[in-house]
Amino acid sequence: LKEREYERRRALEYARRWAYGRNPLFYSFTGQGGDCTNFISQCLLAGGIPMDSSGDAVWKWYGDTPNNLPQMAGRSASWSGVDEFLQYAASNTGSGMVAVADADYYSGEIGDVLILGYDEENLYHAVIITDVVTDEEGNVVDYLVHSNTANQESFPASAYGYTYQVLVKICGWN
């Protein structure tokens, strides 16, 4: 299948619009473990990544009822769960999101996703890159991110206390 373009600017606009609010079209997991991955999924959808309700791996929101089956109904765990999102990004083939789930940390761009935790078994947070901070030579030194779990806008990724970071490079979709 041919890879199609991810519209990073549209994802950025969505992140800016909803960092301090909740889109009423989606259930909010605030107070139930956090809304971070739900927010990230919404940003990616706004950037043109279509829901994937077919195949072995699904990433979808057709309502707030959990449903990991390959059908256009319910919400997949990969839509709202940090570990499940990373697993989907790493393993999806065929239709849906095309991503590199373990990209070089310093290769991030606006619209890419950071997964944060303490090690690969303890992942707790997902954020979207909204700006890239570089030094005088153009080397990436940090990212500014948006998240609506704690309603953060242009927050430095380095300011999180997590010791483990994974860059999920969003390439487009099939």
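My aim in this report is to walk through the structure given alongside it, one point at a time. Predicted model, so just to flag it, every value in this text is computed and none were measured.

1. Topic: the packing of aromatic side chains
Working definition: an aromatic ring pair is given by the centre-to-centre distance plus the angle between the planes.
Step number 1: Counted by the stated rule, this structure contains 14 aromatic pairs.
Step number 2: Measuring from ring centre to ring centre gives 6.3 Å for tryptophan 61 and tryptophan 79, while their planes differ by 45°; the resulting arrangement is tilted. Taken together, the residues tryptophan 61 in strand β1 (residues 61-62) and tryptophan 79 in helix α3 (residues 77-80) connect sequence positions 18 residues apart. Across the pair, tryptophan 79 and tryptophan 61 agree in class, each one buried.
Step number 3: Note on tyrosine 105 and tyrosine 143: the rings are 5.5 Å apart at their centroids and 75° apart in plane angle, and the pair reads as edge-to-face. One end of the pair, tyrosine 105, is in the loop between β3 (97-103) and β4 (113-119); the other, tyrosine 143, is in strand β6 (residues 140-147), and 38 residues separate them in sequence. The two residues tyrosine 105 and tyrosine 143 agree in class, both being buried.
Step number 4: Ring-pair connections join several aromatic residues into one group, and the members of that group are Phe26, Trp59, Trp61, Trp79 and Tyr88.
Step number 5: Between arginine 17 and the ring centre of tryptophan 18, over which it is positioned, the NZ or CZ distance is 3.8 Å.

Definitions and limits used
Residues numbered from 1 in each chain as written. Predicted model: local features only at pLDDT ≥ 70, side-chain atom pairs only at ≥ 80, totals over all residues. Heavy atoms only, no water. Phe/Tyr/Trp six-rings, centres within 6.5 Å; stacked < 30°, edge-to-face > 60°. Helix = DSSP H or I, 4+ residues; strand = E, 2+ residues; numbered from the N terminus. Buried < 20%, exposed > 50% of the residue type's maximum accessible area, 1.4 Å probe, protein only. Lys NZ or Arg CZ within 6 Å of the ring centre and 35° of its normal.

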